[in-house]
Each structure stands twice: as C-alpha cells, then as structure tokens.
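Examination of the molecular architecture
Below, each chain spelled out in residue letters.
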Amino acid sequence: MEGTNPVNKKLAAALSGGAVLVLALSGCSSDDGNDKLDAWAKQVCDAVQPQAKKIEAANAAIQKQTSDNSTPAAVRTTDAQAFQDMSDAYKAIGAAVQNAGAPNVDDGATKQKNAVKELDDISAAYASLKTQVDKLNVKDQAKFADGLKDIATSLDKLSQSGNDALKTLEEGDVGKAMAKQASCKSASASASATGS
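Please read these numbers as outputs of a predicted model, since none were measured by experiment.

1. Things to note about the packing of helix α3 (residues 72-100) against helix α4 (residues 108-134)
Running from N to C, α3 and α4 cross one another at 165°; their axes reach a closest spacing of 8 Å. With respect to their mutual orientation, α3 and α4 come out roughly antiparallel. Here the hand of the crossing between α3 and α4 comes out left-handed. Of the residues belonging to the contact of α3 with α4, the class tally is 13 nonpolar, six polar and six charged.

Structural data, given as structure tokens:
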C-alpha cells in the first residue's frame, strides 16, 4: 500500500509547519514587574501547556502513520482523530485566553478578542479538515491519495495564515511575561521540537 506514502508525507510536512501557532512565544524575559500581567500570563500558560502536548501528540500520530506503511483506512482513522484533537486543543486555548480576561497592556482587550477569534477560527478549520478526512474513499487508492492531497493543501494554507492576532497578543510586555512562565517555556520548547 505504499502508494499513500508520498502524499501522506506531504500531509505530515504541512502539518508540522503550522501545528503550534500559538506557541511562538518570545524567549526573552523582563523583570519590569507587572504583577497583574504576570498573573495573566501564568493563567494562560498553565492552560496552554496540556493543549500544546495534545497538539504535539496529534502531530506525532500523523508523522508515525506517515513513516509506517499504513493502509488508507488506518491513515484516515489516525488523521481524523488527530484533527479532532487539534480542533479541541485550539478551542481550549481560545477559552483559556478568553477566561484570563484582557492582559494588562495597551489595547489588551482588543488583542485578547482578536486572539480568541483567531484560535476559534483555527479550531474550526481543523474540525472541517476532520470532516474532509472522514469522507475520504479508502477503497480506491488513487481517490484516497487525491483526497489527502487536497487536505495537505488546506493544511498548508492554514499553517501560513492565521496567527497574526496571536503574534500581536504576544508582542511586547505580554510576550515577556509569558516567557517568564515555566509552563510556557516547556510548551514552547516542545512546539519548536515538533515544528522543525
């Protein structure tokens, strides 16, 4: 069944490119002491960490299917579950940013609102990819490969679009406060390992 492999590799490559958008956290830290902001960052980072692990595990599952000589049915099951997990994880990260309230910085409320919307959009995009995967024809190798190709293309677009509001949220003092949190550091480290 090695026919699926080249396409599935493309899928895995597209996936690792855009997987952990939210964790492009800045590595620099500052001791300007903004207790409110530090508390906000801790709340968000602590909530993000388990979701980052979930995204990483979903990524790894797809990567593993890619390296195995898997049947289309097995690929479909794994990919569908992985996209569902990613959708859930981004939704949960959006909820965490929402629940934390606006960060204590200029335009904090706007930055928060935009980031939550973006996270929800990413969640919805992964949910729609899951629906696409569920519909793939596993009995016809060529149709299956074509279907995967379309999904890889959508994934590519998803990885390139999107995280502007998150970058804006993580600029300046917010990024510095997040960089100080142990939970964000570990999430960021695991994300960069996955995305390489």
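From this point, the discussion proceeds with the structure in view.
2. Concerning the nonpolar core
Grouped together as the largest cluster of nonpolar side chains are 38 residues, with contacts concentrated most on Trp40, Val44, Phe83, Tyr90, Tyr126, Leu129 and Met178. Put simply, the parts of the chain that give this core at least two residues each are α2 (35-67), α3, α4, α5 (141-160), α6 (164-169) and α7 (172-179). Sort the elements by how many residues they give to this core and α3 lands first, with ten residues.

3. Points about the environment of Lys111
Within the secondary structure layout, Lys111 lies in helix α4. Not counting chain neighbours up to four residues away, the residues in contact with Lys111 comprise Asp106, Thr168 and Leu169.

4. Observations regarding the pattern of salt bridges
When the charged atoms of two side chains lie near each other, side chains of opposite charge can form a pair. Taken as a whole, this structure holds six salt bridges when the rule is applied. Between Asp46 and Lys42 there is a salt bridge; the shortest N-O distance is 2.6 Å. A residue pair is termed a helical-turn pair when its members lie 3 or 4 positions apart in one helix, as Asp46 and Lys42 do in helix α2 at four residues. The exposure class assigned to Lys42 is partly exposed, which follows from its relative accessible area of 43%. When the shortest N-O distance is used, the salt bridge between Asp121 and Lys117 registers 2.8 Å. With Asp121 and Lys117 both in helix α4 and four residues apart, this pair spans about one turn of that helix. Relative accessible area serves as the criterion here: at 41%, Asp121 is assigned to the partly exposed category. A residue is classified by how much of its surface remains accessible, and Lys117, at 52% relative accessible area, is exposed.

5. With respect to α4
The first and last C-alpha atoms of α4 sit 39 Å apart over 27 residues, in line with the 39 Å expected at 1.5 Å per residue. Regarding α4, the residues found buried are Gly108, Lys111, Gln112, Ala115, Val116, Glu118, Leu119, Ile122, Ser123, Tyr126, Leu129 and Val133.

6. A few points about the packing of aromatic side chains
Given two aromatic rings, their pairing is described by the distance between the two centres and the angle made by the two planes. One pass over the structure, following the stated rule, counts two aromatic pairs. Between the aromatic rings of Phe83 and Tyr126, the centroid separation amounts to 6.1 Å while the plane-to-plane angle is 25°, which identifies the pairing as stacked. Within this pair, whereas Phe83 is found in helix α3, its partner Tyr126 is found in helix α4, the two being separated by 43 residues in sequence. Assigned by exposure class, Phe83 and Tyr126 land together as buried. Centroid distance Tyr90 to Tyr126: 5.7 Å. Interplanar angle 5°. Geometry classified as stacked. Of this pair, Tyr90 sits in helix α3 while Tyr126 sits in helix α4, placing them 36 residues apart in sequence. One exposure class covers both Tyr90 and Tyr126, and it is buried.

What counts and what doesn't
Residues numbered from 1 in each chain as written. Predicted model: local features only at pLDDT ≥ 70, side-chain atom pairs only at ≥ 80, totals over all residues. Heavy atoms only, no water. Axes fitted to C-alpha atoms, helices over the stretch in contact; angles between N-to-C directions. Helix = DSSP H or I, 4+ residues; strand = E, 2+ residues; numbered from the N terminus. Parallel < 35°, antiparallel > 145°, perpendicular 65-115°, else oblique. Left-handed = near helix turned anticlockwise from the far one by under 90°. Nonpolar A, V, L, I, M, F, W, Y, C, P; charged D, E, K, R; others polar. Core = buried A, V, L, I, M, F, W, Y, C linked by side-chain atoms within 4.5 Å. Buried < 20%, exposed > 50% of the residue type's maximum accessible area, 1.4 Å probe, protein only. Contact = heavy atoms within 4.5 Å. Salt bridge = Lys/Arg side-chain N within 4 Å of Asp/Glu carboxyl O. Expected span 1.5 Å × (residues − 1). Phe/Tyr/Trp six-rings, centres within 6.5 Å; stacked < 30°, edge-to-face > 60°.

Bear in mind that shape data such as this cannot, by itself, settle questions of function.
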